[in-house]
Amino acid sequence: MTISTSAAAAAGPTSGPNTASGPFSSVDALVEGLGSVGYIASRRIATALYMAAHLQKPILVEGSAGVGKTELALSTARLLAQPLIRMQCYEGLDESKALYEWKYGKQLLYTQILKDRMGVALADAPDMDSAMDRLHGMGDLFFSEPFLEPRPLMQALRQDDGCVLLIDEIDKSDEAFEAFLLEVLSAYQVSVPELGVIVAKTPPLVFLTSNNVRDLGDALKRRCLHLHIPLPEPALEERIVATRVPGIEATLTSQLVAFVQSLRTLDLRKAPSISETVDWARALILLHAKDLEPAMVRDTLNVILKFEQDITAVEPQIVELMGRR
């Protein structure tokens, strides 16, 4: 991390993740690399990530809950062998929780220790103005690096070798916080009134995720590449299950994915996502299932359906839905 003047800040960071070789050397290499850390990525996902890394732009990942938005950031950090810094967004999130705050307890302790010495330091001040000048100088000491408590955004900018920054569920924050992020997302820098402009030495690879709880502002979207992750096609979902649940039989994988796909055609309050499919596969393995049977499906519906009204609606249709495969 560097603390710069406005001229240096205008120049911006000059380096980013190593994209000349390794998994970011091509889209195909990135698909293979993500697969090696357990993330089965479509070519569309890999292309968006490839462009984000090479263009040094944040990537806004949207889609319904459980399709793998957060997991994409986690897998990228594993692939790059870089630290993952995660900031969970929520309503009321502000600068002090996201960027930095001062260590008020430490400031108070040091003030008490120096209290007796202040009298000595001010004893020979010729007038009130001189005394106030000295006090102002002492006050500045308490707003310096030793008293700074960095939060996720500043921690990400301070990583000399880069990192993956995950700003999770940005749509849960309010518009004021969204506006606050613009400087970080456009120039990889932040302004701290007491310290100046802090510029990242190596720009982090930034992921923002959204479940579309609210519409995001145009200014935020302009600064990001957009990626929407849909629910997967059957073949891709089977590959994901096979990767995440080692040892599962191909027949059972095909059967449970087909059933989940049929559930998504119904008018449910919450259709099962990829994460529910994987959880269900693990549950079926735990119960020593070899084939998908109506009784087993009925007993484990609560794994893939999260609302009782959905379970009640699906139970009479289990045999019919299983027949669709």
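So, here is what we can say about the structure in this document. These numbers come from a predicted model, not from an experiment.

**Structural notes on the environment of valine 61**
And then number 1: With respect to the secondary-structure elements, valine 61 resides in strand 2 (residues 59–62).
And then number 2: Taking relative accessible area as the criterion, valine 61 reaches 0% and is therefore assigned buried.
And then number 3: Separated by 163 residues in sequence, valine 61 and cysteine 224 have C-alpha atoms that sit 9.5 Å apart.
And then number 4: In this structure, valine 61 is in contact with Lys69, Leu72, Phe207, Leu208, Thr209, Ser210, Leu227 and Ile229, ignoring residues within four places of it in sequence.

**Overview of the sheet that holds strand 6 (residues 164–168)**
And then number 1: An order of 3-6-9-2-10 is seen for the five strands of this open sheet, with the pairing classed as parallel. Edge strands, defined here as strands with exactly one partner in the open sheet, are strand 3 (84–88) and strand 10 (225–228). Strand-to-strand twist in this sheet, taken as the mean axis angle between neighbours without regard to direction, amounts to 20 degrees.
And then number 2: Packed onto the sheet, helix 4 (residues 69–80) meets strand 2, strand 3, strand 6, strand 9 (205–210) and strand 10 and runs at close to 165 degrees relative to strand 9.

**Some points on the pairing of strand 6**
And then number 1: Of all five residues in strand 6, five are buried, a share of seventy percent or more.
And then number 2: Side chains Val164, Leu166 and Asp168 of strand 6 all project onto a buried face; the interleaved residues Leu165 and Ile167 project onto the opposite face, where all are buried too.
And then number 3: Pairing geometry for strand 3 and strand 6, over five bridges, is parallel. Bridge pairing in strand 6 links methionine 87 to isoleucine 167.
And then number 4: Pairing analysis gives four bridges linking strand 6 to strand 9, with the strands arranged parallel. Within strand 9, the position partnered with leucine 165 by the bridge is valine 206.

**Some remarks on helix 3 (residues 43–55)**
And then number 1: Taking 1.5 Å per residue as the helical rise, helix 3 with its 13 residues ought to reach 18 Å, and the 18 Å between its terminal C-alpha atoms agrees with that figure.
And then number 2: Elements in contact with the buried residues of helix 3: helix 2 (27–36), strand 2, helix 4, strand 9 and strand 10.
And then number 3: Two residues or fewer after helix 3 comes glutamine 56, characterised by a positive phi angle close to 55 degrees.

**Here's the deal with unusual backbone geometry**
And then number 1: Even without being a glycine, glutamine 56 presents a positive backbone phi close to 55 degrees.
And then number 2: Looking at the element boundaries, glutamine 56 is found in the loop between helix 3 and strand 2.

**Digging into the packing of helix 2 against helix 3**
The axes of two packed helices give the description: the angle between them and the distance between them.
And then number 1: Between helix 2 and helix 3, the shortest axis-to-axis distance is 9 Å and the interhelical angle comes to 110 degrees. Here helix 2 is positioned roughly perpendicular relative to helix 3, judged by the angle of their axes. As for the relative orientation of helix 2 and helix 3, their crossing is right-handed in sense. Of helix 3, the residues touching helix 2 (which contributes Val27, Asp28, Leu30, Val31 and Leu34) are Arg43, Ala46, Thr47, Leu49 and Tyr50.
And then number 2: The residue inventory of the contact of helix 2 with helix 3, partitioned by class, reads seven nonpolar, one polar and two charged.

**Considerations on the pattern of salt bridges**
Oppositely charged side chains may form a pair once their charged atoms are brought near each other.
And then number 1: Evaluation of the coordinates by the stated rule reveals nine salt bridges.
And then number 2: Glutamate 71 serves as the salt-bridge partner of arginine 244, at 3.4 Å between the closest nitrogen and oxygen. Here arginine 244, found in helix 12 (residues 234–244), pairs with glutamate 71, found in helix 4; they are 173 residues apart in sequence, far enough to count as distant.
And then number 3: What makes arginine 244 partly exposed here is its relative accessible area of 26%.
And then number 4: A single salt-bridge network, built from bridges that share partners, covers Glu71, Arg78 and Arg244.

**Overview of the side chain of serine 210**
And then number 1: Here serine 210 shows up in strand 9.
And then number 2: Classification of serine 210 by relative accessible area gives buried; the value is 0%.
And then number 3: Among the polar contacts listed, one links the side chain of serine 210 to the backbone nitrogen of asparagine 212, at a separation of 3.0 Å.
And then number 4: With residues up to four places along the chain from it excluded, the contact list for serine 210 reads Leu60, Val61, Glu62, Gly63, Lys69, Ile170, Asp171 and Leu216.

Reading the values: rules and limits
Residues numbered from 1 in each chain as written. Predicted model: local features only at pLDDT ≥ 70, side-chain atom pairs only at ≥ 80, totals over all residues. Heavy atoms only, no water. Helix = DSSP H or I, 4+ residues; strand = E, 2+ residues; numbered from the N terminus. Buried < 20%, exposed > 50% of the residue type's maximum accessible area, 1.4 Å probe, protein only. Contact = heavy atoms within 4.5 Å. Pairing = 2+ DSSP bridges. Axes fitted to C-alpha atoms, helices over the stretch in contact; angles between N-to-C directions. Expected span 1.5 Å × (residues − 1). Parallel < 35°, antiparallel > 145°, perpendicular 65-115°, else oblique. Left-handed = near helix turned anticlockwise from the far one by under 90°. Nonpolar A, V, L, I, M, F, W, Y, C, P; charged D, E, K, R; others polar. Salt bridge = Lys/Arg side-chain N within 4 Å of Asp/Glu carboxyl O. Polar contact = N/O pair within 3.5 Å; in protein donor to acceptor, adjacent residues only side chain to side chain.

Keep in mind these numbers describe shape, not what the thing actually does.
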